[in-house]
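Here are the chains, one letter per residue:
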Amino acid sequence: MHYGLALGDWVIYTMWGIFAFMILDFAVAFVRSFWSGSFDTTFLGYLKDILFYVVPLNLILSMTSIDPTHYTLIVLYFIGGASVILKYAADIVKRFRAPQSD
């Protein structure tokens, strides 16, 4: 098995990380709703997130051939990918926090 450290490999690893955190967020939400008996988890929010986060990142990757610097859009892709991963990590942490009672 080949695990590379080339730029193309890191692009794939970033997308794997985004989808892994999306699946982890869904699994946490599903398990918490299962144990509470509500089953309120829906796929619609995750489909919206794919449309709002993943498709623009793929669009950025598709435009790298017209980038005169050959690295600006790649850096933008990695910054966007890291921010999506951080967003989902924060959402997962938020799900484990106890609800505040007023």
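Computed from a predicted structure; not experimentally measured. (Residues numbered from 1 in each chain as written. Predicted model: local features only at pLDDT ≥ 70, side-chain atom pairs only at ≥ 80, totals over all residues. Heavy atoms only, no water.)

## Some remarks on the overall build of the protein
Here comes step 1: Helix and strand counts for the protein stand at three helices and zero strands.
Here comes step 2: Each helix (α) and strand (β) of the protein, taken in turn from the N terminus, gives the series α-α-α.
Here comes step 3: Taking 2.2 N^0.38 as the reference for a compact globule, 102 residues should give roughly 13 Å; the C-alpha atoms of the protein span a radius of gyration of 17 Å, well beyond that estimate.
Here comes step 4: Structurally, the protein occupies a C-alpha span of about 55 × 35 × 25 Å along its principal axes. (Helix = DSSP H or I, 4+ residues; strand = E, 2+ residues; numbered from the N terminus. Rg over C-alpha atoms; globule rule 2.2 N^0.38 Å.)

## Concerning the environment of Trp35
Here comes step 1: Looking at the element boundaries, Trp35 is found in helix H1 (residues 7–36).
Here comes step 2: On the accessibility criterion, Trp35 (69% relative accessible area) is exposed.
Here comes step 3: Taking the C-alpha atoms as reference, Trp35 lies 41 Å from Val75; in sequence the two are 40 residues apart. (Buried < 20%, exposed > 50% of the residue type's maximum accessible area, 1.4 Å probe, protein only.)

## Quick notes on the confidence of the model for the protein
The predicted coordinates of low-pLDDT regions are not to be read in fine detail.
Here comes step 1: With 92% of its residues at a pLDDT of at least 70, the protein reaches an overall mean of 88.
Here comes step 2: Model confidence for the protein, summarised as mean pLDDT per element, is weakest for H1 at 90 and strongest for helix H3 (residues 72–96) at 95. (pLDDT = per-residue confidence, 0-100.)

## Points about the packing of H1 against helix H2 (residues 44–62)
Here comes step 1: Two numbers describe how H1 lies on H2: the axes approach to 12 Å, and their chain directions differ by 175°. One finds that H1 runs roughly antiparallel with respect to H2. In contact with Val11, Met15, Ile18, Phe19, Met22, Asp25, Phe26 and Ala29 of H1, H2 contributes Tyr46, Asp49, Ile50, Val54, Leu57, Asn58 and Leu61.
Here comes step 2: Residues that form the contact of H1 with H2 fall into these classes: twelve nonpolar, one polar and two charged. (Axes fitted to C-alpha atoms, helices over the stretch in contact; angles between N-to-C directions. Parallel < 35°, antiparallel > 145°, perpendicular 65-115°, else oblique. Contact = heavy atoms within 4.5 Å. Nonpolar A, V, L, I, M, F, W, Y, C, P; charged D, E, K, R; others polar.)

## A look at the packing of aromatic side chains
Here comes step 1: Summed over all chains, the structure comprises seven aromatic pairs.
Here comes step 2: On the numbers, 5.7 Å between centres and 45° between planes, the contact of Tyr13 with Trp16 is tilted. Of this pair, Tyr13 and Trp16 are both found in helix H1, three residues apart, which corresponds to roughly one turn of the helix.
Here comes step 3: According to the relative accessible area criterion, Tyr13 is partly exposed, its value standing at 24%.
Here comes step 4: The interplanar angle of 70° and the centroid separation of 5.5 Å between the aromatic rings of Tyr77 and Phe78 together place this pair among those described as edge-to-face. (Phe/Tyr/Trp six-rings, centres within 6.5 Å; stacked < 30°, edge-to-face > 60°.)

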